[in-house]
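Close look at the chain arrangement
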Amino acid sequence: MANSASNTSIQHVRRSAKVVPLPARAPERLVGVGFRCWLAGLSTGDIKCWEDAWNTFSGMLGPENAKTLLLDLSKFVRAVKASAQRDIEISPAGCRSFCRDECLAISIIAACQHNERQALTASVSALIGTEDIGDTLNGALALAAALRSANQLLCAESVCPATCALRAQRRRLM
């Protein structure tokens, strides 16, 4: 079952049919699981959610890198939560797949790292439900840079396929 993290609480909703298996690549897992854990922690106040994020990041990158990255992750997730004009869905802790909104978070960070501006703005708008993306964009850029500094580069294929297809279609029309 997926969770919907609103600005005030987590509510249970039906699992989307568009659940994506956890990618094997560490950078995508860090972003997706980190986003899930941090948003759940903000919504519930349960410290275990943040501990899960810490354990994931420190286990993969060591404690020093984890501290830096979790600070930037926190800024990104807080910006998403503050800017969102709709409920943000997350999968439960331990789920072995990502839901649509977690995939959008991964896509946003990948688009930042690969300078895919059109995909970036489309993914941010889709995630938060508004064209007013400034704070969320700033948080994403900081997290993407911190991940790059820690040698955690998301692959270009992690950029939202729908926006990439739209961009390719527009190029063909030009």
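As a reminder, the structure under discussion sits directly above these lines.
Calculation criteria
Residues numbered from 1 in each chain as written. Predicted model: local features only at pLDDT ≥ 70, side-chain atom pairs only at ≥ 80, totals over all residues. Heavy atoms only, no water. Phe/Tyr/Trp six-rings, centres within 6.5 Å; stacked < 30°, edge-to-face > 60°. Helix = DSSP H or I, 4+ residues; strand = E, 2+ residues; numbered from the N terminus. Buried < 20%, exposed > 50% of the residue type's maximum accessible area, 1.4 Å probe, protein only. Core = buried A, V, L, I, M, F, W, Y, C linked by side-chain atoms within 4.5 Å. Expected span 1.5 Å × (residues − 1). Contact = heavy atoms within 4.5 Å. Polar contact = N/O pair within 3.5 Å; in protein donor to acceptor, adjacent residues only side chain to side chain. Salt bridge = Lys/Arg side-chain N within 4 Å of Asp/Glu carboxyl O. Axes fitted to C-alpha atoms, helices over the stretch in contact; angles between N-to-C directions. Parallel < 35°, antiparallel > 145°, perpendicular 65-115°, else oblique. Left-handed = near helix turned anticlockwise from the far one by under 90°. Nonpolar A, V, L, I, M, F, W, Y, C, P; charged D, E, K, R; others polar.

Counted by the stated rule, this structure contains two aromatic pairs. Summarising the aromatic geometry, the rings of Phe-35 and Phe-76 are spaced 6.1 Å apart at their centres and angled 45° between planes, so their arrangement reads as tilted. Here Phe-35 is found in helix H1 (residues 26-44), whereas its partner Phe-76 is found in helix H3 (residues 63-83), with 41 residues between them in sequence. Classification of Phe-35 as buried rests on a relative accessible area of 0%. Looking at Phe-76, the relative accessible area reads 0%, which means it is buried. Centre to centre, the rings of Trp-38 and Trp-50 are 5.9 Å apart; their planes meet at 55°, and the pair counts as tilted. Highlighted residues: Trp-38 in helix H1 and Trp-50 in helix H2 (residues 47-61), separated in sequence by 12 residues. A relative accessible area of 12% places Trp-38 in the buried class. Note on Trp-50: relative accessible area 23%, which makes it partly exposed.

On to the nonpolar core, then. Counting residues in each nonpolar core, the largest one holds 46 residues, and the members touching the most others are Phe-35, Phe-57, Phe-76, Ile-108, Ile-109 and Leu-127. Looking at this core, the elements with two or more residues in it are H1, H2, H3, strand E4 (88-90), helix H4 (100-113), helix H5 (117-128) and helix H6 (134-149).

To continue, consider H2. The terminal C-alpha atoms of H2, which comprises 15 residues, lie 21 Å apart, in line with the 21 Å expected from a rise of 1.5 Å per residue. Contact partners of the buried residues in H2: H1 and H3. By the N-cap criterion, in which a side-chain oxygen at the helix start approaches the backbone nitrogen of a residue two or three places on, H2 is capped by Asp-46, the distance to Lys-48 being 3.0 Å. Trailing H2 by a residue or two, Gly-62 shows a phi angle of about 90°, which is positive.

Right, let's talk about the pattern of salt bridges for a bit. A side chain of one charge can pair with a side chain of the opposite charge when the charged atoms of the two come close. Tallying each qualifying case throughout the model produces six salt bridges. Between Lys-48 and Asp-52 there is a salt bridge, and its shortest N-O distance comes to 3.1 Å. Residue Lys-48 and its partner Asp-52 are both found in helix H2; the two are separated by four residues, about one turn of the helix. Since its relative accessible area comes to 47%, Lys-48 is described here as partly exposed. In this structure, the salt-bridge partner of Arg-86 is Asp-101, at a minimum N-O distance of 2.5 Å. Placement of Arg-86 in the loop between H3 and E4 and of Asp-101 in helix H4 is noted, with a sequence separation of 15 residues between them. For Arg-86, a relative accessible area of 28% translates into the label partly exposed. Here the residues in one salt-bridge network are Arg-86, Arg-100 and Asp-101, joined through shared partners.

Leave glycine aside and you will find that most residues have negative phi; peptide bonds, for their part, are mostly trans. Of note, the phi angle at Asn-115 is positive, near 55°, even though the residue is not glycine. Checked against the element boundaries, Asn-115 lands in the loop between H4 and H5. A positive phi angle is found at Asn-151, which is not glycine, with a value near 60°. On the secondary structure map, Asn-151 appears in the loop between H6 and helix H7 (161-173). Residue classification places Asn-151 among the exposed residues on the basis of a relative accessible area of 68%.

Moving on, we get to the packing of H1 against H4. Running from N to C, H1 and H4 point in directions that differ by 130°, and their axes come no closer than 9 Å. The angle between H1 and H4 places the two elements in the oblique class. The two elements H1 and H4 meet at a crossing, and its hand is right-handed. Residues Glu-28, Val-31, Gly-32, Phe-35 and Arg-36 of H1 form the contact with H4, whose own contacting residues are Asp-101, Glu-102, Ala-105, Ile-106 and Ile-109. Grouping the amino acids of the contact of H1 with H4 by side-chain chemistry returns five nonpolar, one polar and four charged.

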